[in-house]
Amino acid sequence: MHRAALGAGALSDEWANDRLPRHAAREDFVFLAALADGAVVGFGYGYTGEFGQWWTDHVSRSLSSAQRVDWLAPPHFEIVELHVRPARQRGGIGSRLLAQLLTLQPHDRALLSTQKSSRKARSFYAKNHWQELAEVDFGPGYPPYLVLGKRL
């Protein structure tokens, strides 16, 4: 499913063997899957973000000091992955997964990142009332990303 959603460049083996188990141990971890006809057609997950985590620290360097205080200093939820099989996109599955993830977490704000060049993703998050906060540099080998936030 991960590779189907992200294409050939997906880090599916590394993600499944290393990242997902590490993320599952984090505070307030929530993982949801969407099923249709007995098959997984989408999934999403997140957890409480905090300083000292790779993603939060990179995002922190990209935000203004006021944004860091407003978005990162209070406990916040990070949407880490949200994917829907391409053949099932544009049918509301992603929006329902995203809304349910936000309902199941305990914070009053959430953050995520998406590739800057992905008009489809940016349009999806705008439709779901996410605010683009800043461009994020995740380092060599990563394309430009944007961090987005939403008050809950």
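As a starting point, this report considers the structure included with it.

1. A word on the overall build of the chain
- Helix and strand counts for the chain come out as six helices and six strands.
- Listing the helices and strands of the chain from first to last along the sequence gives α-α-β-β-α-α-β-α-β-α-β-β.
- Classification of the 152 residues of the chain by burial places 45% in the buried group.
- Carbon and sulfur atoms provide 52% of the accessible area of the chain, an area that totals close to 8,000 Å².

2. Describing helix H5 (residues 93–103)
- Taken together, the buried positions of H5 are occupied by Ile93, Gly94, Ser95, Leu97, Leu98, Leu101 and Leu102.
- Those residues of H5 hidden inside the fold are in contact with strand S1 (30–36), strand S2 (39–49), strand S3 (76–84), strand S4 (109–115), helix H6 (119–127) and strand S6 (145–151).

3. Concerning the pairing of S1
- Alternating residues of S1 divide into Val30, Leu32, Ala34 and Ala36, all buried, and Phe31, Ala33 and Leu35, none buried.
- Inspection of the sheet shows S1 paired to S2 by seven bridges, in the antiparallel sense. Within the sheet, the bridge partner assigned to Val30 lies in S2 and is Gly46.
- Between the antiparallel neighbours S1 and S2 lie two residues, among them Asp37 with a positive phi of about 55°.

4. Side note on the pattern of salt bridges
- For the structure shown, the criterion picks out four salt bridges.
- The salt bridge involving Lys116 is made with Glu135; its shortest N-O contact spans 2.7 Å. Of this pair, Lys116 sits in the loop between S4 and H6 while Glu135 sits in strand S5 (residues 131–136); the two residues are 19 residues apart in sequence, bridging distant segments of the chain.
- Glu135 gets classed as partly exposed once you look at its relative accessible area, which sits at 42%.

5. Regarding the nonpolar core
- Counting residues in each nonpolar core, the largest one holds 22 residues, and the members touching the most others are Ile79, Leu82, Leu98, Tyr125 and Trp130.
- Breaking this core down by element, the ones donating at least two residues are S1, S3, H5, S4, H6 and S6.
- A total of five residues in this core trace back to one element, the largest contributor, which is H5.
- Beyond its immediate chain neighbours, meaning those up to four positions away, Leu82 contacts Phe43, Gly44, Gly94, Leu97, Leu98, Phe124 and Tyr125.
- Listed in part, the 12 residues of the second largest apolar core include Val59, Leu63, Leu111 and Val136.

6. Focus: the packing of aromatic side chains
- Considering all chains together, one arrives at 10 aromatic pairs under this definition.
- Ring centres of Phe31 and Tyr45 lie 5.9 Å apart, and the angle between their planes is 20°; on these two criteria the pair is classed as stacked. Note that Phe31 is positioned in strand S1 and Tyr45 in strand S2, a separation of 14 residues in sequence.
- Given the relative accessible area of 36%, Phe31 is considered partly exposed.
- In this structure Tyr45 comes out as buried when scored by relative accessible area, which is 0%.
- An angle of 20° between the planes, with centres 5.1 Å apart, marks the rings of Trp54 and Phe138 as stacked. Placement of Trp54 in helix H3 (residues 54–62) and of Phe138 in the loop between S5 and S6 is noted, with a sequence separation of 84 residues between them.
- The exposure class assigned to Phe138 is buried, which follows from its relative accessible area of 6%.
- Ring-pair connections join several aromatic residues into one group, and the members of that group are Phe29, Phe31, Phe43 and Tyr45.
- Geometry around Trp71 places Arg151 over its ring, the cationic atom sitting 4.3 Å from the centre.

Definitions and limits used
- Residues numbered from 1 in each chain as written.
- Predicted model: local features only at pLDDT ≥ 70, side-chain atom pairs only at ≥ 80, totals over all residues.
- Heavy atoms only, no water.
- Helix = DSSP H or I, 4+ residues; strand = E, 2+ residues; numbered from the N terminus.
- Buried < 20%, exposed > 50% of the residue type's maximum accessible area, 1.4 Å probe, protein only.
- Areas by Shrake-Rupley, 256 points an atom, 1.4 Å probe, with all protein chains shown as cover.
- Contact = heavy atoms within 4.5 Å.
- Pairing = 2+ DSSP bridges.
- Salt bridge = Lys/Arg side-chain N within 4 Å of Asp/Glu carboxyl O.
- Core = buried A, V, L, I, M, F, W, Y, C linked by side-chain atoms within 4.5 Å.
- Phe/Tyr/Trp six-rings, centres within 6.5 Å; stacked < 30°, edge-to-face > 60°.
- Lys NZ or Arg CZ within 6 Å of the ring centre and 35° of its normal.

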